[in-house]
Each structure stands twice: as structure tokens, then as C-alpha cells.
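As a plain string of letters, each chain reads:
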Amino acid sequence: MTDLAAPLRRAAPALLGYATVRALGLVVLAVWSAARGKSAHTLLTARWDALWYTRVADLGYGYEVRLPNGDVHSNLAFFPLLPWLERFMHAVSPLSYADGGLVVSLLASLAAAWGIFAVTDHVYGRRVGVAAVLLWAVLPVGIVQSMAYSESLFTALAAWSLYAVLTGRWPAAGVLALFAGLTRPVGLAVVAAVWVAGITSFVRDRSTAPAPGARVWPRALGMALAPLGAAGYVLWVGHRTGKGPLGYLDVQAGWRNGFDGGAAFARFVGDKFTSFPSALAGVGLIAGVGLVLWLYVVGVRQGQPLPLLVYTGVVTALALCASSYFGSKPRLLMPAFALLLPLALALARLRTSRSAWVVGGVALASAAYGAFWLNGSGPP
């Protein structure tokens, strides 16, 4: 307990700030939804992907929907860790599968905030760590962190795996990467970060005298464990569908998900310029993509650790270059928290009173947008 108490005290300002921002978002959502005659609870637990996860928890895999255009939406597209945890919460408590998923996401969001703080504190110090967590909390799509979705769970596992890599805890990094790979397809980004960091350290040891007492096997074990989650599920889906190792790609194709290098997204943006009102949206999309790429380049110039750059690069590439639902891209980018570090450095340089006003204003705007978004089109 003593070992845990000191890091928790150090992270307390970040966690309290994060909880405050997310509580504000939930209160605004509840008021907004009530005014529109909708249930905030339903919006958080029983719409869109949340329904697919609870069906997996309740009925297992094998459920699919065949659309009139021939597309087949199979629940095999959804990785199993969140449904497993929903099933566990339902078994040990009176919670429904959906409410179990909500509790898991709320707890995971706090774990994610702590992990983001731990990584940033290790690289840049405590003040920047607090700023990074608050910026992650006030993202325009931050309300997803409080939904029965897998983004918070994945971000928590990814952040702590990266922290384990940065602090030389290789077996822990591998185990956390394994579970991240059981959570979302983008778990490949965590695996890539662990492998690149491991290979780099092996090369460094060969070119220089290794530190006294340095051992090879923890790194090798972490690297061996890291891909087992994602690879295991993908291979199981291939066996289940009878289509071999590429069976999961066929499942994703049924959802019209794939990796086309961003061609479909580019066409989607280009189509916005066919009329004046939609052209404004096109300009906004181009500006948003430009901002993401600029933040990544700034992170490189600021010397972010290689594991962070690899992880962020893979998450960003998969989000921007996939031919999936284009409205999902902001939330698919949410686990790429290291993109926020240049902004966190700038925020941390401000006086505390000024940074508090900035964060407070953005938090109000984020809460209002989140309530508007979920009561409208919401995440696909």
C-alpha cells in the first residue's frame, strides 16, 4: 500500500481534475437529454457499439446482421476483453451487462488518466502531466470516455504498457500489451511500441557495454507476450469463420472497414467541396487532419521517446487511413494521447490561474458539444 500511496498522491491533482471535468460532462449530458426527452443512461450504455459489446457478453459470438445491400455486420468484429469484463461484473453484482460496461469504462477512464499522467510525468514532469490529463479530459469527443465503449479501457492498458516500457518493466509491458490487443484492433500500436523499444535496447546493448546486472530475458519475455492477445483473437476468428489467418479481415470487410491508405477519407473530404455549406466542413476536416499531423511533427522535434512516437504514429495512421465510418475518426484518435503533449507543455508554462481559465472554458465547451453530439448523430 505504501508503494501505491506515493504515486497516487503525486497523481491526485490530475485525477481530481479529470474526475471534475468528466462529472461536468455527465451533468450537462443529463440535463440536455432530459430537456429533449431522452435518457442519458441509454445514450451511454445502450446505443451504437455499446449494444454490440453487451450482446457479446450476453450471447457470445455468432450474432450478425445482414443488410439489404449485402453487407454482413458480425459481432466477431468486436474484440473480447470488454465483453468479458461486462460478463464478470454481471456475475459478481446485480448490474446488467450494459451497466457493468459503464462501470468498467468509468473505472478504466480513471486508470487511463493515471497512466497518461504517469507517462507524461516521467518524460516532462508533474505539471505537464496534470496538463496532459486535463487536455485529454476536455477533448471534444471526451464523453466517449464515459460510455460503455472500449476506448477508455484500451487507453488505460496502452498508457500503462508504455509507462512500463519507459521504466524498464518489460514483462509488465508485455502483459499489458497482450490485454490491449484483446481490447481493440489498434492494440497493434502497443505491440509495435514494445517491439521497437525492445529491439532498440538490444541493439544498444550490442554497441555498448550493458549495464551491470542487465538481463536479456525480461525484455525477450515482454516482447514475446505483447502480440499474443491480438494474434490469438485474430487467429481464433479465422478458425471460427473457416477462412484462416485472414478471416478477421473478411469480418471487417463486412462492415466496410479496411486500410486503404486514406483514399476513401480523401474522397469523402473532397466531396464536401461540391457545395458551399458543406465546403466549410471540408475546410474544417482538412484543418483537423493538419493539426493532428502538426502535433505529431512537433512531438518528434521535441524529442518524445521512441515508444511514444511509434505508438502514436500507428494509432494515427490506422485512424486516418482506414476506410471505416468517417465520423468515428475523432474517437479513434482519442487513444493517441501523446499528440496532446506539445499542447500540455504550452499549457504548463502558463500561470496556474490562466491555465485554469483556459481548461475551464474548454471543459464547458466540450461538455456542451458532448451532450449535443450524443443527442444527435453520436458515435457510429
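For the structure, check the block above.
Residues numbered from 1 in each chain as written. Predicted model: local features only at pLDDT ≥ 70, side-chain atom pairs only at ≥ 80, totals over all residues. Heavy atoms only, no water.

(A) Structural view of the packing of helix α9 (residues 187-207) against helix α10 (residues 217-225). One way to put it is that α9 packs onto α10 with a least axis distance of 9 Å and a crossing angle of 155°. Regarding the angle of α9 to α10, the classification is roughly antiparallel. In the crossing of α9 with α10, the sense of the turn from one axis to the other is left-handed. Together, Val194, Trp195, Gly198, Ile199, Ser201, Phe202 and Asp205 of α9 and Arg219, Ala220, Gly222 and Met223 of α10 make up the contact between the two elements. When its residues are assigned to classes, the contact of α9 with α10 shows 6 nonpolar, 3 polar and 2 charged. (Axes fitted to C-alpha atoms, helices over the stretch in contact; angles between N-to-C directions. Helix = DSSP H or I, 4+ residues; strand = E, 2+ residues; numbered from the N terminus. Parallel < 35°, antiparallel > 145°, perpendicular 65-115°, else oblique. Left-handed = near helix turned anticlockwise from the far one by under 90°. Contact = heavy atoms within 4.5 Å. Nonpolar A, V, L, I, M, F, W, Y, C, P; charged D, E, K, R; others polar.)

(B) View of the side chain of Ser105. Mapped onto the elements, Ser105 comes out in helix α5 (residues 97-124). Looking at Ser105, the relative accessible area reads 1%, which means it is buried. At a separation of 3.0 Å, a polar atom in the side chain of Ser105 contacts the main-chain carbonyl oxygen of Tyr149. With residues near it in sequence (within four places) discarded, Ser105 still touches Gln145, Met147, Ala148, Tyr149 and Ser152. (Buried < 20%, exposed > 50% of the residue type's maximum accessible area, 1.4 Å probe, protein only. Polar contact = N/O pair within 3.5 Å; in protein donor to acceptor, adjacent residues only side chain to side chain.)

(C) Inspection of the packing of aromatic side chains at higher detail. Enumeration according to the criterion identifies 18 aromatic pairs in this entry. Measuring from ring centre to ring centre gives 4.6 Å for Phe79 and Tyr233, while their planes differ by 50°; the resulting arrangement is tilted. Of this pair, Phe79 sits in the loop between β2 (72-74) and α4 (81-92) while Tyr233 sits in helix α11 (residues 228-241), and the two are 154 residues apart along the sequence. A relative accessible area of 4% places Tyr233 in the buried class. For the cation-ring pair, Arg55 lies above Trp52, with the distance from its terminal atom to the ring centre recorded as 5.6 Å. Cation over ring: Lys329 sits above Phe265, and NZ or CZ is 5.0 Å from the ring centre. (Phe/Tyr/Trp six-rings, centres within 6.5 Å; stacked < 30°, edge-to-face > 60°. Lys NZ or Arg CZ within 6 Å of the ring centre and 35° of its normal.)

(D) Highlighting the pattern of salt bridges. Overall, the coordinates contain 6 salt bridges when judged by the stated rule. The salt bridge involving Glu64 is made with Arg66; its shortest N-O contact spans 3.1 Å. The partly exposed category is assigned to Glu64, whose relative accessible area is 36%. For Arg66, a relative accessible area of 62% translates into the label exposed. Of the charged contacts, one joins Glu151 and Arg184 as a salt bridge, the two residues approaching to 3.3 Å between their closest N and O atoms. Of the two residues, Glu151 sits in helix α7 (residues 151-166) while Arg184 sits in the loop between α8 (170-181) and α9, which places them 33 residues apart along the sequence. Take Glu151 and Arg184: they sit in the same class, and that class is buried. Residues joined by salt bridges that share partners form a network here, namely Asp49, Glu151, Arg184 and Arg331. (Salt bridge = Lys/Arg side-chain N within 4 Å of Asp/Glu carboxyl O.)

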